[in-house]
Amino acid sequence: MQKDTGRGRRKERVGLVVSDAADKTVTVSVETLKEHPMYKKRIRRSKKFLVHDERNEARVGDTVRIIETRPLSRRKRWRLASIISRAE
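Each chain carries its own residue numbering, running from 1 in the direction its sequence is written. With pLDDT at 70 or above as the cut-off, local features in this predicted model cover only qualifying residues; side-chain atom pairs require 80 or more to be listed or tallied, and sums for whole chains, interfaces and linings still use all residues. Hydrogens are left out, water is left out, and the side-chain values use all remaining heavy atoms of the structure.

Notes on the pairing of strand β1 (residues 12-19)
- Strand pairing is assigned whenever DSSP identifies at least 2 bridges connecting the two strands. Counting from the N terminus, the helices are DSSP H or I runs at least four residues long and the strands are E runs at least two residues long. Relative to strand β4 (residues 63-68), β1 runs antiparallel, the two sharing 5 bridges. Each residue of the ladder has a partner; that of G15, found in β4, is V64.
- Judged from the 3 bridges that link them, β1 and strand β2 (residues 25-35) form a sheet pairing that is antiparallel. By the bridge assignment for β2, L16 is matched with S29.
- Connecting β1 to the next strand, β2, in antiparallel fashion are 5 residues, including K24 with a positive phi near 60°.

What follows is the structure, encoded as structure tokens:
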């Protein structure tokens, strides 16, 4: 865990690694449930994030926790905080 440095809370997400082809980068798919404004049915939405993985430890199928960070490249603004569970 990171200490709170007074810059506000960093966003955290939990998602599934869908690609680990790039060096030091994994693609993580995060699913959220949103309620439809009119029909009130819950809709499953997913979004992909490029995540910095310094030690190349995450593999496809792993469930990971990611944390918001400064921009590391054009599309990378998240880094790997921890691996929650390994793929079977």
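Here we look at the sheet that holds strand β5 (residues 76-85)
- Read around the closed barrel, 5 strands run β1-β2-β3-β5-β4, paired in mixed fashion. Ignoring which end each strand starts from, the neighbouring axes of this sheet average 50° apart. Structural elements are reduced to axes, namely lines fitted to C-alpha atoms, with helices fitted over the stretch in contact, and the angle between N-to-C directions of any two is expressed from 0 to 180 degrees.

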